[in-house]
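# Structural characterization, general
Residue strings, one per chain:
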Amino acid sequence: MKEIDIIGTCLTRELFNYTKEYKVKTYIMQQSIYTINSNPYPIRQEDIELTDNFKFKVRMVYYDFNKIAFQKLSENPSEYIIVDLADQIRNLVVLDDFDNTRLIATSSIIEVLSKLNINYHIYDIDSLTNKEIYFFMQQFIEIILSLYDRKKIILNKVQLKNEYYENNEKKYIDESILVYRRRKEIKTMEK
């Protein structure tokens, strides 16, 4: 059995529910390349309360607040890693009263911030320039290359269809869905 690590979405993780040849060792989800080097907001994992209270989601929120996802990945990396960049289209949460503290804008992060009464605002990543995106990608790539052989890094490219059938009628998903609106940015990052 080969062990693998994953940085990406549940879409990549779910692929491994149907094989016994591979085992997911470390899985990191909902962490933004745009916040890797921002300041942490130290919080204890037991202080994170989510409505659905899934342990995995609590752990990912804990990792993001404390900025330890890549530290966890580096503790005992597998031989292979699979990366998908779909989470990188999410906006950021900027904590107003804390210098350079940013988190990925997920419903779980926002729920915790609201419960803690922390002031924040949403930073729209559409404001990032190509130069800034390149800078953040370079930081991310340096981290990954420090942990894995470049020949053992697998990019699971995001593939989207914006048409589907419902009751034999062809329908379309429009640009109001965030991932569809930002698919060009995903393709740019993948290149």
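An account of the accompanying structure is given in this report. (Residues numbered from 1 in each chain as written. Predicted model: local features only at pLDDT ≥ 70, side-chain atom pairs only at ≥ 80, totals over all residues. Heavy atoms only, no water.)

A tally of regular secondary structure across the protein chain gives seven helices and nine strands. By the compact-globule yardstick of 16 Å for 191 residues, the protein chain fits well, its C-alpha radius of gyration being 17 Å. Here the C-alpha coordinates of the protein chain stretch approximately 50 × 45 × 40 Å along the principal axes. The buried share among the 191 residues of the protein chain stands at 41%. The contacts of the protein chain with a sequence gap of at least 6 include a subset with a gap of at least 24, amounting to 65%. Side-chain charges of the protein chain comprise 28 positive and 29 negative groups, with the mean position of each set lying 6 Å from the other. (Helix = DSSP H or I, 4+ residues; strand = E, 2+ residues; numbered from the N terminus. Rg over C-alpha atoms; globule rule 2.2 N^0.38 Å. Buried < 20%, exposed > 50% of the residue type's maximum accessible area, 1.4 Å probe, protein only. Contact = heavy atoms within 4.5 Å. Lys, Arg positive; Asp, Glu negative; His and termini not counted. Charge placed at Lys NZ, Arg CZ, Asp CG, Glu CD.)

Before going further, it helps to spend a moment on the nonpolar core. When a protein is soluble and globular, its nonpolar side chains tend to lie buried together. By size, the foremost hydrophobic cluster in this structure holds 31 residues, and its most contacted members are Ile7, Ile33, Tyr34, Leu73, Phe140 and Ile144. Going through the elements one at a time, strand S1 (2-7), strand S2 (22-28), helix H2 (55-66), helix H3 (69-75), strand S3 (80-83) and helix H5 (130-147) are the ones with two or more residues in this core. Once you skip the residues sitting within four places of it in the chain, leucine 73 turns out to touch Asp5, Ile7, Thr26, Ile28, Ile81, Ile144, Leu147 and Tyr148. Within the second largest apolar cluster, 16 residues are counted, among which are Ile48, Leu50, Val58 and Ala105. (Core = buried A, V, L, I, M, F, W, Y, C linked by side-chain atoms within 4.5 Å.)

The strand order S2-S1-S3-S7 describes an open sheet built from four strands, whose pairing is parallel. A strand with exactly one partner marks an edge of an open sheet, and here the two such strands are S2 and strand S7 (153-155). Sheet twist, expressed as the mean angle between neighbouring strand axes with direction ignored, is 25 degrees. Relative to S3, S1 is paired through four bridges, and the arrangement is parallel. Counterpart to aspartate 5 in the pairing with S3 is isoleucine 81. (Pairing = 2+ DSSP bridges. Axes fitted to C-alpha atoms, helices over the stretch in contact; angles between N-to-C directions.)

Judged from the four bridges that link them, strand S8 (residues 163-166) and strand S9 (residues 169-172) form a sheet pairing that is antiparallel. In the strand pairing of S9, glutamate 166 is matched with glutamate 169. What sits between S8 and S9 in their antiparallel hairpin is a turn of two residues, with asparagine 167 showing a positive phi close to 50 degrees.

Before going further, it helps to spend a moment on H5. One full turn of an α-helix is made of 3.6 residues, so residues set three or four places apart face in the same direction. With 18 residues, H5 extends 26 Å from end C-alpha to end C-alpha; this agrees with the ideal 26 Å at 1.5 Å per step. On its buried face, H5 is in contact with S1, H3, S3, S7 and helix H7 (183-190). (Expected span 1.5 Å × (residues − 1).)

By themselves these figures say nothing about function.
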